Amino acid sequence: MTKVSIIFILFFCYFAATTTSIKLKLIHHQSTNSPFYDPSLNHAELALENSFKRLSFICARVSSAYDLQPPVLSYRGLLLFFVEFKIGEPQITQTAGLDTGSSLLWVQGTNCNGCDKESINPFYNSATSSSYTQLSCHDELCDRRIGGVCDMFRKCSFTFRYISGLVVRGFMGTEKLVFEDYNGKMQPVSDIVFGYVTEKIIGSEGEKKVGGVFGLGLGGDVSFITLLGSNFSYCTGFFDTPNYDFNTLLIGKHAILEGAATPFKAYRGQYFVTLLGISVGDKHEVDDIMVNQLSFKRYIKDPTEMCFQVFSLGDLVRVPNITLHFANNANLSIHMLRAFSQTYEYNVFCFNFYSHEDLKTKNDEYFDEDGVNLSIIGMHATQLANVGYDVAGKMIYFNDVECADLWV
């Protein structure tokens, strides 16, 4: 059986801790509690849109010597999940989009050139925060791997250019963050390296509201994940149920490392696991099995998509399970709720698997001709499951679980 290196991408975050231990609820971008709530948007199409840009970024990053910044935002300026925290003394509340592709947390500063009043967050003022410390160029925390460079005034500054078109510039420092745990307990974390933005150039109208990004990449020795430890896990419900109340991020000792485990390797801040094979039902070929075994009427709006017209999601129960087989005898079952998404019309469901060539056909402008052919496991594959990361032990865990049970 041929081994394939496959990148495991979580489209919202990873987090870790040793001395810090927190259990947080994640905010779905289309929940009624989200500042980006828009009932007219299609959740599945937005997730797919982000998948296209994420794949193009990863291909470029792995094949390039440059430290490219990730496509945090879709063209609508949307991230998938958010977390709330407080920053500074006195504290101000921030809502930031979670992203694994970048390693710096940033918020918008006062007197920011180009920062719009439509932003979801109040502006951060470093001059009035007693817990703020400016980083100089000579400070070891001014790490180029998380964007730090020296400006003409010998201050540690940064510039991030995202594939979406968003550009942010500012200065780096350290601050105190405070997270509210699930039981209402406030958990402070001090001396976190962050950036406050003094200039913002938007790439789309939707980016006006974006007030911060919680970068949780592995770049540098002072990235958030490095400073806080090694264990984290997340659990999400069905993606098309945005008001599900138990989307969960578990940090430190709360992290759940249970279920099937497979080793990973980190490269350029990304996690790679070894895919040994894919089976559909009891067969180990994937080519036309899904089409041949389904008698549903094809719905063709885009020839690169495999969509079907059915009366309801329940009609998909006869679809055979797809299983991803990883190293160390770890298997991830892709049942019908993970395999299909409702799109376009109420009775149309589309297959969540795409070939690299199909994605390139749909979004050729995002792919470098010299890019690497990579496979990505996106968040659709891990709905209704807990995924645990043992960063120090270099293992990823899969476990089907009801996320609400984690709050008992």
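Residues numbered from 1 in each chain as written. Predicted model: local features only at pLDDT ≥ 70, side-chain atom pairs only at ≥ 80, totals over all residues. Heavy atoms only, no water.

Enquirer: Which parts of the structure should I look at to understand the pairing of strand β4 (residues 81-87)?
Expert: Residues in a regular strand point their side chains to alternate faces of the sheet. With respect to burial, β4 is a largely interior element, five of its seven residues being buried. Sheet topology places strand β3 (residues 27-28) next to β4; two bridges connect them, and they run antiparallel. Each bridged residue has a counterpart across the sheet, and for His28 the counterpart in β4 is Phe81. Between β4 and strand β5 (residues 92-99), which pair antiparallel in sequence order, lie four residues; one of them, Gly88, sits at a positive phi of approximately 85°. As judged from the two bridges shared by β4 and strand β10 (residues 167-180), these two strands associate in the antiparallel manner. (Buried < 20%, exposed > 50% of the residue type's maximum accessible area, 1.4 Å probe, protein only. Helix = DSSP H or I, 4+ residues; strand = E, 2+ residues; numbered from the N terminus. Pairing = 2+ DSSP bridges.)

Enquirer: Any chance you could explain the pairing of strand β20 (residues 330-334) here in plain terms?
Expert: Burial of β20 is one-sided: the residues Ala330, Leu332 and Ile334 facing one way are buried, the residues Asn331 and Ser333 facing the other way are not. Relative to β20, strand β19 (residues 322-326) is paired through five bridges, and the arrangement is antiparallel. Among the inter-strand pairings, His325 is bridged to a residue of β20, identified as Asn331. In textbook terms, the turn of a hairpin is the stretch between consecutive antiparallel strands, and for β19 and β20 this stretch comprises three residues, one of which, Asn328, has a positive phi near 70°.

Enquirer: In this structure, what is going on with the layout of surface pockets? I would like to understand it.
Expert: Which parts of space are left empty comes out when a probe the size of a water molecule is rolled across the atoms. By volume, the second largest pocket is sized at about 480 Å³. In this structure, the second largest pocket is lined by 24 residues; those nearest its centre are Leu24, Lys25, Leu26, Ile27 and Glu84. If you list the elements that add at least two residues to the lining of the second largest pocket, you get β2 (22-25), β3, β4 and β10. The leading source of residues in the lining of the second largest pocket is β4, at four residues. Broken down by class, the residue content of the lining of the second largest pocket amounts to 12 nonpolar, six polar and six charged. (1 Å grid on protein atoms, 1.4 Å probe; cavity = no way out; pocket = protein on both sides within 12 Å on 5 of 7 lines; lining within 4 Å. Points joined across faces, edges and corners; volume = space filled by probe spheres on them. Nonpolar A, V, L, I, M, F, W, Y, C, P; charged D, E, K, R; others polar.)

Enquirer: Just to check I follow, could you spell out the side chain of Ser31 for this structure?
Expert: Along the chain, the position of Ser31 falls in the loop between β3 and α1 (43-63). For Ser31, a relative accessible area of 5% puts it in the buried group. In this view, Ser31 contacts Tyr37, Pro242 and Asn243; residues no more than four positions away in its chain are not counted. (Contact = heavy atoms within 4.5 Å.)

Enquirer: Can you help me understand the nonpolar core in this one?
Expert: Grouped together as the largest cluster of nonpolar side chains are 28 residues, with contacts concentrated most on Phe326, Phe340 and Ile396. Only β13 (231-236), β16 (270-280), β19, β20, β22 (348-351), β24 (385-390) and β25 (395-400) provide two or more residues apiece to this core. In terms of residues, this core owes the most to one element, β16, which gives four residues. Formed by 27 residues, the second largest nonpolar core is a distinct cluster that contains Leu80, Leu98, Val107 and Leu228. (Core = buried A, V, L, I, M, F, W, Y, C linked by side-chain atoms within 4.5 Å.)

Enquirer: Is there a simple way to think about the confidence of the model for the protein chain in this case?
Expert: Note that predicted coordinates carrying low pLDDT should not be read in detail. Predicted confidence across the protein chain gives a mean pLDDT of 76, with 69% of residues reaching 70 or more. This stretch, residues 9-18, has a pLDDT under 50; its non-local contacts, to residues over four places away or in other chains, come to 64 contacts. Confidence drops under a pLDDT of 50 for residues 60-77, and excluding neighbours within four residues, the segment shows 68 contacts in the predicted structure. (pLDDT = per-residue confidence, 0-100.)

Enquirer: Looking at this structure, I do not really get the state of the cysteines. What am I missing?
Expert: Note on terminology: disulfide describes a covalent bond linking the sulfur atoms of two cysteines. Counted according to the given criterion, the structure contains five disulfides. What pairs with Cys112 in a disulfide is Cys115, and their sulfur atoms sit 1.9 Å apart. Between Cys112 and Cys115, the S-S torsion sits near 55°, and that sign places the bridge as right-handed. Residue classification places Cys115 among the buried positions, given a relative accessible area of 13%. One disulfide in the model links Cys235 with Cys403; its S-S distance is 2.0 Å. Torsion about the S-S bond of the Cys235 and Cys403 cystine: about -85°, corresponding to left-handed handedness. With a gap of 168 residues between them, Cys235 in strand β13 and Cys403 in the segment after β25 connect regions that are remote in the sequence. Under the relative-accessibility criterion, Cys403 is labelled buried at 1%. With its bonded cysteines labelled in order along the sequence, the protein chain shows the pairing 1-2, 3-5, 4-6, 7-10, 8-9. (Disulfide = S-S within 2.5 Å.)

Enquirer: Explain unusual backbone geometry here, please?
Expert: For residues besides glycine, phi is generally negative; the peptide bonds are generally trans as well. Backbone torsion omega between Glu89 and Pro90 reads 5°, so that peptide bond is classified as cis. Along the chain, the position of Pro90 falls in the loop between β4 and β5. A positive phi angle, close to 60°, is found at Leu384, a residue other than glycine. Checked against the element boundaries, Leu384 lands in the loop between β23 (376-377) and β24. The backbone of Lys394 sits at a positive phi, close to 55°, despite the residue not being glycine. Within the fold, Lys394 resides in the loop between β24 and β25. Residue classification places Lys394 among the partly exposed residues on the basis of a relative accessible area of 44%.

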